[in-house]
Every structure is written in structure tokens, then in C-alpha cells.
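If you want the building blocks of each chain, they are given just below.
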Amino acid sequence: MPPPSPLNILLVDDEVVRAAMVEEALMAEGHRVICRLSNPASLNEMVARHQPDVVIIDMESPDRDTLESMALLNRENPRPVVFFADQHDSDMLQAALKAGVSAYVVDGLVPERVEAIVEVAIARFDAFHSMRQELDKARNQLADRKRIERAKGLLMKHQGCDEEQAYRMLRKLAMDRGQRIAEVADSVIDILDRLNPLSPQGRTADNRGTRS
């Protein structure tokens, strides 16, 4: 089995000696700490700047500011995050997981355990983001289908054609323009809604045109 690839790690630890021990343990496994912070206030900014593979945070317990920093990171620059806490708190555990922590370990950081825990965190992170991407893809596909169905309905009403003919029109427009059918559907909806004075969009256009 090939050795694991070296990782670039951002470490957050307010204890200098402990942080040095963790960094030494990671280096012994071939990894590299590319940024060390004493608190997570600038976490998202530093992750954006240094692009680490993993974030390790070691502190007594995640406070409100830390949770907000992790949530911001999860939204803007998601990374596997390993949180080592000195104290067990069920509420904080749930809040940390909700904020995007991949692995939450109680009893503090033990350098000898870091390697295995980081591997688990990366696996969880990859699985979660793969699932989220699939969910986003399914949502986008559903939204596309709804827009296409609406465009077909407007074309059928405006052109006096059946559903198959309306779909052919959309498909031909998409091919001619080099666009996705859903993108063409958006244009068709916008145009035909404006031609229909009974639609909200049509009324808005009419009001703009008659305003003195």
C-alpha cells in the first residue's frame, strides 16, 4: 500500500509548546504545517491565503467566535477540520459539527493520534461533500425541469402547438445558440411573460412603459 500523500496543514493552538509538539509529530509523518494561529479569528482569511489541505484546531472548547469562524470557513473555503477539545460538552459538540467540523475529539490533542484522526476527518469530509454535490445536482436538475416545463407551457399557449413541438422549439433554440435548454427556457419565459399583460412580469413592463 503506497504511503499517504503529504498534507499541508493549518494549525490553530494557543499553547506554543503543545503546538510545536504537534507540528513535530506531523512532520515525522511527512506533513507540513504551513500556517500556525493562536486563535481562529482570521481562520477563513488564512485558509484562503494558504490553501491548506486540513485544518487542526486545539482548544479547551469551541466558543461562539470560534463556531462563527468555522461556519464562515465551511461556507466560503470548506476544508476538513479536526477539532481537539479538552472538555466534553454535548451542545458544543453538536454546534461544532453543524459548523462544519469533520472530526471532534475530546480529551485534547495527543500528537501520536493526529495522523489517524486526520485520515478519518478527510474521509468524512470527502464523503459529506460528495453527498452535498449530488444533492445540489439533483436540486438543480429539478429546477431546470420546472423551468423547461413552464417554457413549454407558454410556447404551447402562445404558438398553439403541442408539448412535443414546444420541446423541439426549445431544443432547436438551444442548439442554435449553443446554450443549455434550461437557459433557453429562461429566455423564453422572460419574453413570453412580458408579452402577456396578465402576468406579473408583463404588468411590470407595462407600468414602466406608461409611467410619466
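Computed from a prediction, not measured in an experiment: that's the story for all the values here. (Residues numbered from 1 in each chain as written. Predicted model: local features only at pLDDT ≥ 70, side-chain atom pairs only at ≥ 80, totals over all residues. Heavy atoms only, no water.)

### Here we look at the pairing of strand β4 (residues 81–85)
Buried residues dominate β4, accounting for five of its five residues. Every second residue of β4 is oriented toward a common face, with Val81, Phe83 and Ala85 on one face and Val82 and Phe84 on the other, all of them buried. Following the chain from strand β3 (residues 54–59) across helix α3 (residues 64–76) to the adjacent parallel β4, one finds a crossover that is right-handed. Here β4 runs beside strand β5 (residues 103–106); their pairing, made up of four bridges, is parallel. Across the sheet, alanine 85 pairs through a bridge with valine 106, a residue of β5. In the classification by handedness, the crossover that spans β4, the intervening helix α4 (residues 90–98) and the parallel β5 is right-handed. (Buried < 20%, exposed > 50% of the residue type's maximum accessible area, 1.4 Å probe, protein only. Helix = DSSP H or I, 4+ residues; strand = E, 2+ residues; numbered from the N terminus. Right-handed = clockwise from strand over helix to strand, strands pointing away. Pairing = 2+ DSSP bridges.)

### Examining the environment of serine 5
Within the secondary structure layout, serine 5 lies in the segment before β1 (8–13). Along the sequence, serine 5 and glutamate 29 sit 24 residues apart, while their C-alpha atoms lie 9.8 Å from each other.

### Things to note about the confidence of the model for the protein
Of the residues in the protein, 88% reach a pLDDT of 70 or more, and the chain-wide mean stands at 82. Within the protein, helix α8 (residues 200–210) has the poorest average pLDDT of any element, 46, and helix α2 (residues 43–50) the best, 94. Confidence over residues 201–212 falls short of pLDDT 50; this stretch has 10 contacts with residues more than four positions distant or in other chains. (pLDDT = per-residue confidence, 0-100. Contact = heavy atoms within 4.5 Å.)

### Thoughts on helix α6 (residues 163–177)
Residues lying three or four places apart along an α-helix face the same way, a consequence of the helix completing one turn every 3.6 residues. With 15 residues, α6 should cover 21 Å at 1.5 Å per step; its first-to-last C-alpha distance of 21 Å lies within 8% of that length. Within α6, burial applies to Ala166, Leu170 and Ala174. Viewed along the axis of α6, the buried residues span an arc of 75°, placing them on a single side of the element. The exposed set on the far side of α6, more than 90 degrees from its buried face, consists of Lys172, Met175 and Asp176. Where α6 is buried, its residues meet α5 (114–159) and α7 (181–195). If you check the start of α6, you find a side-chain oxygen 3.3 Å away from the backbone N of glutamate 164, and it comes from aspartate 162. (Expected span 1.5 Å × (residues − 1). Arc of directions from axis to C-beta. Polar contact = N/O pair within 3.5 Å; in protein donor to acceptor, adjacent residues only side chain to side chain.)

### A look at the side chain of asparagine 44
In this structure, asparagine 44 sits in helix α2. Relative accessible area serves as the criterion here: at 12%, asparagine 44 is assigned to the buried category. For asparagine 44, the residues in contact, after removing those within four places along its chain, are Leu72, Leu73, Glu76 and Asn77.

### What to know about the sheet that holds β5
Reading across from one edge, β2-β1-β3-β4-β5 is the order of the five strands in this open sheet, with parallel pairing throughout. Sheet topology places β2 (32–37) and β5 at the edges, where each strand pairs with a single neighbour. Taking the axes of each pair of neighbouring strands and ignoring which way they run, one obtains an average angle of 20° across the sheet. Examined bridge by bridge, β1 and β2 share five bridges and lie parallel to one another. Considered in β2, the bridge of asparagine 8 is made with arginine 32. (Axes fitted to C-alpha atoms, helices over the stretch in contact; angles between N-to-C directions.)

### Here's the deal with the pattern of salt bridges
In the structure shown here, the tally under the stated rule is 16 salt bridges. Glutamate 45 is paired through a salt bridge with arginine 49; the nearest N and O atoms lie 3.2 Å apart. Linking glutamate 45 with arginine 49, this pair stays in helix α2, spanning four residues, or about one helical turn. Assessed through its relative accessible area of 45%, glutamate 45 is described here as partly exposed. Residue class for arginine 49 comes out exposed when judged on its relative accessible area of 55%. Here aspartate 193 ties to arginine 150 by a salt bridge, and the two come within 2.9 Å at their closest N and O atoms. Placement of the pair is aspartate 193 in helix α7 and arginine 150 in helix α5, with a sequence separation of 43 residues. For arginine 150, a relative accessible area of 41% corresponds to the partly exposed category. Salt bridges linked by common partners bring Asp13, Asp14, Glu15, Arg18 and Asp58 together as one network. (Salt bridge = Lys/Arg side-chain N within 4 Å of Asp/Glu carboxyl O.)

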